[in-house]
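# A structural walkthrough
The primary structure of each chain is shown beneath.
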Amino acid sequence: MTLDWPGQRPTMLRTFTVLLFCIRLSLGMTSIVMQSQPELWIETNYPQAPWENITLWCKSPSRISSKFLLLKDKTQMTWIRPSSKTFQVSFPLGALTKYNAGLYRCCYWKETGWSEPSKVLELEAPGQLPKPIFWIQAETSPLPGCNVNILCHGWLQDLVFMLFKEGYAEPVDYQIPTGTVAIFSIANMTPESEGVYICRTHIQMLPTLWSEPSNPLKLIVAGLYPKPTLTAYPGPIMAPGESLSLRCQGPIYGMTFALIRLEDLDKSFYRKRPIKNEAYFFFRALKIHDAGHYLCFYYDGSYRGSLLSDILKIWVTDTFPKTWLLAQPSPVVQMGQNVSLWCQGPVDGVGLALYKKGEDKPLQLLDTASTDDDESFFLNNVTYSDAGIYSCLYLLSWKTSIRMTSHNTMELVVVDKPPKPSLSAWPSTVFKLGKAITLQCRVPHPVLEFSLEWEERATFQKFSVDGDFIISNAEGKGTGTYSCSYRIEAHPNIWSYRSEPLRLMGPAATGFLTWNYVLNEAIRLSLFMQLVALLLVVLWIRWKCRRLRIREAWLLGTAQGVTMLFIVTVLFCCGLCNGVLTEETEIIMPTPKPELWAETNFPLAPWKNLTLWCRSPSGSTKEFVLLKDGTGWIATRPASEQVRAAFPLGALTQSHTGSYHCHSWEEMAVSEPSEALELVGTEMYPKPFFKTWASPVVTPGARVTFNCSTPHQHMSFILYKDGSEIASSDSSWASPGASAAHFLIISVGAGDGGNYSCRYYDFAIWSEPSDPVELVVTEYYPQPTLLAQPGPVVLPGKNVTLRCQGAFPGMRFALLQEGNQVPLQFQSTSGNSADFLLHTVGAEDSGNYSCVYYETTMSNRGSHLSKPIMIWVTDTFPKPWLFAEPSSVVPVGKNVTLWCQGPVRGVGYILHKEREATSVQLWGSTSNDGAFPITNISGASIGRYSCCYHPDWTSPIKIQPSNTLELIVTGLLPKPSLLAQPGPIVAPGENMTFQCQGELPDSTFVLLKEGTQEPLEQQKPSGYRADFWMPAVRGEDSGIYSCVYYLDSAPFAASNHSDFLEIWVTDKPPKPSLSAWPSTMFKLGKDITLQCRGPLPGVEFVLEHDGEEAPQQFSEDGDFVINNVEGKGIGNYSCSYRLQAYPDIWSEPSDALELVGAAGPAAQECTVGNIVRSSLIVVVVVALGVVLAIEWKKWPRLRTRDSETDGRDQTIALEECNQEGEPGTNTSSPSSVSQETSVELPVPI
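Residues numbered from 1 in each chain as written. Predicted model: local features only at pLDDT ≥ 70, side-chain atom pairs only at ≥ 80, totals over all residues. Heavy atoms only, no water.

As recorded in an unreviewed UniProt entry, the protein goes by the name Immunoglobulin superfamily member 1, listed as coming from Lynx canadensis.

As structure tokens, this is what we get:
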């Protein structure tokens, strides 16, 4: 990142430190003392000589600790482990000597290690008080008119604190606080409050003993200049590694600009001092940690700064987060209905595109402005072709490499009836003895009501909101076939298709047989038949023995033994069958009773946070139950591995006092109750007053301040969220008088919502908890709608109901009124709407109302605020306003829209035309805010119109009409002429008259001005002309005017527009433009034409040349011909003009135009020399050409002569060769030889 750091001079660094601190405070931040920083101070029992016996005390800010550490000169001196956890400990030093003088700090032990050290305490030589430390604290933004607190820490108690300002001999303020810190307040900061301040202390009983002065502190007032604008190029959402430029622009030149990232103010303060009124801060390669919230400001050489710019959020990510899509009123839509698709995601300032599965191109697009206004995608009059799976993606207007992640989809179902639900049974579809079955009817979207039907009984029908139906099988009447259906709130009269049937079975059902049952009965019957057969055999044996008179003992013994053995076998089989084929019965042993006790992590104040523990000696315990005063179960907890469970009670209040005991719960048994535990309340202070400085319904990123106050002094305060402690304040920081504490959330996030409360305490007594404040973080769910019933206009003393319609069931609703910080009403409902009743309304109930809904289980995450609705408590409707767009004077055949608008929303309007009995009526709040379009306008539309409200409910409230609008249709009569007197150019403050001349007498004339919807003035003179007088014209009266005339009786015709007349209200006419043709440079023998052009006709132009007192030329058409004889044409020219009707008024001169070219004696001499040199070159070239021509003519003769000489020489050489080749042959003459020889030799050239 290419950025410049501020200078390193000590004064500049100190000033920037204060300036950065001011910026922190203006953004709702504070850096006075870290929450984990302890406090260090001195106590002594010798007020007049405190160095005789010194004890250092170290105190943790908000928690108890087990170890404290004292540091001297950045080295460990000693550490103390108290016998029990406490808030503060003492370190006795005794008499101050040169050995124990030095710099002291202290720390305390936290769960994660040692805390931050305290502020540095400097103990000097005996006879001197320690040097105080000095810093600032602001209650509000350190802008002009705000309050600033300066804190001075003197280390000792009961000191006198003096505040001095540079340039003043006497102190500007003094204080005698009870603690070790004095707070000096500077109210209503002005530039006169700037300066260098110091703080000194002295002992109250010994005024001559002063401390050393503290380090000086320079106060600077910020916000004296207008705020700049901060923009990002190419866009606020970029990928890592890409480049980004942040532009900070202000209205003043020569300032120094600074850029700050809110997430790291101390390390991200960058400055630049450009020449212009803007500065660019470049990020060459973005990183993930560069993402955050940025702002900028500028300041002058005295470090007086501007207001802070609006916060700009920069995203640095390689993947876009997911978007989610929601259908309203439901994803199941009946054919012909309308549905809106809400697409939202965590990224702001980006457009959105709606896609449908199976189509490549997006169906609809939303730009950045639309997404900021919470617009949605609309599907009107849906059909089966609109059904399908929809999704939405981000739409960027700049190039980036950010990847689009997978996105959540939403299926839109278009039916003539809602689709059928699913029906299931838990735990199964078979009844067990003494057990019931829960039927669960489910659909994937919100519904209004479920219905359960039993096919065996036509009159049976059950209803449920959550879809759960409990079915018992008493006397076998639960078995059968069931099905369910539902209806949605958008269409409460249409029930869905029935689900698939589900059959429930059980032992008591008629005709119900199982294999176990059949086998059991068969075995029982066979055993009974065997027993009967055995008895018959025994009787037959006895009868035989008597008849045959056999009396042997062994026969009877054998028969009896066989009989007994068979009986034992039968009994064994019966027991076995009964044990196997019937249900098992467990043997339940008694469960021992558990143990109940209380624990706390505040030994000095055990009532601050109590937890009840229940422990069971049985290892099979599944769950624990806590009871209070025998009134029933108040809480259940699952058992842990140690077979115990915790029941947190939080801070002990009067509602917690009573007798407690617990049970352990196993699968089939509950234990005896534990021994009773009595919680007895102690004496308590009354509850504090708890509120937020602004509304508790906030948007993400907002600043929230909780104020907890009490009439008791010097108390410590604790802030709770959902019953858990999250912050505390020390009584030493409380201002004198009524104690109060401010708890600040710098930037609210989605997880900061919830129920907040506070308590105060001293080291002996606690207060009752305050009334809770519900903090709602909005912009998480879709916007609700707010309607007034019967209407938004109510008579005094009547009732009105405000219905807030949300998107999800089971939410909590809040009603808000503009001007009230606290919501008027809260309401929790099982449906998705809530009705708020305003009873017996009066004039004070008039105003704008809005609503919000939020979930109570997830940090009070809420919806966007609904659009405000205005409630009027009056006996007469306010008067609406009627106007025409684009104008009430319309050419024939064009279109015009008459708008009837008023402050009351949600009502219809009626448009009246004078002398007509019928009215054009437009119903409802969805009528484009009272728009009455008239297309292809004709003469029949001419007339006077008015409008009024038409509520769609019965109301005795009086209705008054709007203003009268006269609609004029032009183009039916000849156009008039328009003149301005004294002329089209008038000085400011003078009078002016427009004269409109028509063709028909007794007409109505209208004066029009371009850019104005309504006519400026109307007149009905007795003749053919109307004079429109404009006294003391001003600059804004400049413009283009026209006029028309019309007949206000039949046939109600109007003329065409007159010719347009441009009027200039100025002391001087506007300057003309001056150009040169063909160019601004002279050429040899060529002239240049200067063309002077102005915006007004009928003028005379004059041309002026620099260096000449009198004008050079005059022209009526603005063309001036300039020659350059003897170089007099070059130089700077300008022109002006005057109106022929006003010869004394000249316009401003045009911009200067410079003509350049050859001029002067030196240039002429240079030209003559060039001509001479050129002539000599031509003569030399001609001479060379003549010589070459002569030589070329000689060339053929020289070539012939050379060829003959070469042939003769070659013939002689050939003859000599032949003579050497034939020695016996006589030598012949050359001619004979040449005749006899037929050999030809090539002649080299």
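Sites flagged by UniProt as "transmembrane region" (unreviewed entry) map to residues 522-541 and 553-572. Between the first and last C-alpha atoms of residues 522-541 the distance is 29 Å; the span itself is 100% helix and 0% strand. (UniProt positions renumbered as here; feature names shortened; annotations may be inferred. Helix = DSSP H or I, 4+ residues; strand = E, 2+ residues; numbered from the N terminus.)

With that out of the way, let us pick up the pairing of strand β10 (residues 148-153). The buried fraction of β10 amounts to six of the six residues, a majority that puts the element mostly inside the structure. Residue alternation in β10 divides its side chains into two sets, Val148, Ile150 and Cys152 and Asn149, Leu151 and His153, and both sets are buried. As paired strands, β10 and strand β13 (residues 181-186) are joined by six bridges and run antiparallel to one another. Across the sheet, Val148 pairs through a bridge with Ile186, a residue of β13. (Buried < 20%, exposed > 50% of the residue type's maximum accessible area, 1.4 Å probe, protein only. Pairing = 2+ DSSP bridges.)

What follows covers the pattern of salt bridges. Applying the stated criterion across every chain, the model contains 19 salt bridges. Note that Glu774 is salt-bridged to Arg812, the shortest N-O span being 3.0 Å. Separated by 38 residues along the polypeptide, Glu774 in strand β56 (residues 773-781) and Arg812 in strand β60 (residues 812-817) bring together distant segments of the chain. For Glu774, a relative accessible area of 17% puts it in the buried group. Between Arg1093 and Asp1119 there is a salt bridge, and its shortest N-O distance comes to 3.0 Å. Taken together, the positions of Arg1093 in strand β83 (residues 1088-1093) and Asp1119 in strand β86 (residues 1119-1122) put the pair 26 residues apart, joining distant regions of the chain. (Salt bridge = Lys/Arg side-chain N within 4 Å of Asp/Glu carboxyl O.)

So, on to the sheet that holds strand β79 (residues 1025-1030). If you walk across this open sheet you meet the three strands as β74-β76-β79, and the pairing is antiparallel. Either end of the sheet is taken by a strand with one partner, and the two such strands are β74 (977-981) and β79. The mean inter-strand angle of the sheet, taken between neighbouring strand axes irrespective of direction, is 20°. Looking at chain direction, strand β76 (residues 992-997) and β79 are connected through six bridges and run antiparallel. The partner of Phe994 across the bridge, within β79, is Phe1028. (Axes fitted to C-alpha atoms, helices over the stretch in contact; angles between N-to-C directions.)

This paragraph deals with the state of the cysteines. By the definition in use, this model includes eleven disulfides. The residue that forms a disulfide with Cys996 is Cys1043, at a sulfur-sulfur distance of 2.1 Å. In this structure, the disulfide formed by Cys996 and Cys1043 twists by about 80° around the S-S bond and is classed as right-handed. Taken as a pair, Cys996 in strand β76 and Cys1043 in strand β80 (residues 1039-1046) lie far apart in primary sequence, 47 residues in all. The class of Cys1043 is buried, set by a relative accessible area of 0%. With no disulfide of its own, Cys107 has Cys106 as its nearest cysteine by sulfur position, at a separation of 6.5 Å. (Disulfide = S-S within 2.5 Å.)

Attention now goes to the nonpolar core. One finds Leu246 and Leu341 to be the most contacted residues of the largest nonpolar core, which totals 46 residues. It is strand β24 (residues 312-316) that provides the largest number of residues to this core, a total of four residues. Setting aside residues up to four positions removed in sequence, Leu246 forms contacts with Leu230, Thr231, Ala232, Leu259, Ala279, Tyr280, Phe281, Phe283, Tyr294, Leu312 and Ile314. Core analysis: the second largest hydrophobic core is formed by 40 residues, Val89, Leu121, Leu156 and Ile186 among them. (Core = buried A, V, L, I, M, F, W, Y, C linked by side-chain atoms within 4.5 Å. Contact = heavy atoms within 4.5 Å.)

A few words on the confidence of the model for the protein. Chain-level pLDDT for the protein is 76 on average; 77% of the residues reach the 70-or-more range. Per-residue pLDDT stays below 50 along residues 732-736; that stretch engages in eight contacts with residues further than four places along the chain or on separate chains. Note that residues 1210-1245 has pLDDT below 50 and, in this model, nine contacts with residues that lie over four places away or in other chains. (pLDDT = per-residue confidence, 0-100.)

By secondary structure assignment, the location of Ala232 is in strand β17 (residues 229-233). A relative accessible area of 14% means that Ala232 is categorised as buried. Taking the C-alpha atoms as reference points, Ala232 and Ile314, 82 residues apart in sequence, are found 8.3 Å from one another. Contacts of Ala232, omitting those with residues within four sequence positions, involve Leu244, Ser245, Leu246, Leu312 and Ile314.

Tracing the backbone shows Glu242 in the loop between β18 (237-238) and β19 (244-249). Polar side-chain contacts of Glu242 include one of 3.1 Å to the backbone nitrogen of Ala239. Each residue touching Glu242, except ones within four places of it in the same chain, is listed here: Phe283, Arg284, Ala285, Leu286, Thr400 and Ser401. (Polar contact = N/O pair within 3.5 Å; in protein donor to acceptor, adjacent residues only side chain to side chain.)

This brings us to the sheet that holds strand β62 (residues 833-838). Hydrogen bonds between backbone groups are what pair the strands of a sheet, and the pairing can be parallel or antiparallel. Here three strands make up an open sheet; going across it, the order is β57-β59-β62 and the pairing antiparallel. Every other strand in the sheet has two partners, leaving β57 (785-789) and β62 as the edge strands with one partner each. Each adjacent strand pair in this sheet contributes to an overall mean axis angle of 20°, direction not counted. As judged from the five bridges shared by β57 and strand β59 (residues 800-805), these two strands associate in the antiparallel manner. Note that in β59 the partner of Gln789 across the bridge is Thr801.

Scanning the model with the defined rule gives 25 aromatic pairs in all. Consider the rings of Trp41 and Trp57, whose centres lie 6.3 Å apart with planes at 15°: the pair is stacked. Pair noted here: Trp41 is in strand β1 (residues 39-43) and Trp57 is in strand β2 (residues 54-59), with a separation of 16 residues, a long-range link. On the basis of an interplanar angle of 75° and a centroid distance of 6.3 Å, the ring pair of Phe460 and Tyr482 is categorised as edge-to-face. Residue Phe460 is found in strand β36 (residues 457-464), and its partner Tyr482 is found in strand β38 (residues 480-487); the two are separated by 22 residues along the sequence. (Phe/Tyr/Trp six-rings, centres within 6.5 Å; stacked < 30°, edge-to-face > 60°.)

So, about the environment of Gly102. You can see Gly102 is positioned in strand β6 (residues 102-110). Judged by relative accessible area, Gly102 falls into the buried class, the value being 13%. Taking the C-alpha atoms as reference points, Gly102 and Leu121, separated by 19 residues in sequence, lie 8.1 Å from one another. Those residues in contact with Gly102 that sit more than four places away from it in its chain are Asp73, Leu121, Glu122 and Leu123.

We now examine the pairing of β24. Within β24, four of the five residues are buried, which leaves it mostly tucked inside the rest of the structure. The pairing of β18 with β24 spans two bridges and is classified as parallel. Following the sheet pairing, Met238 is matched in β24 by Val316. Across three bridges, strand β23 (residues 292-299) lies against β24 in antiparallel orientation. Considered in β24, the bridge of Gly292 is made with Ile314.

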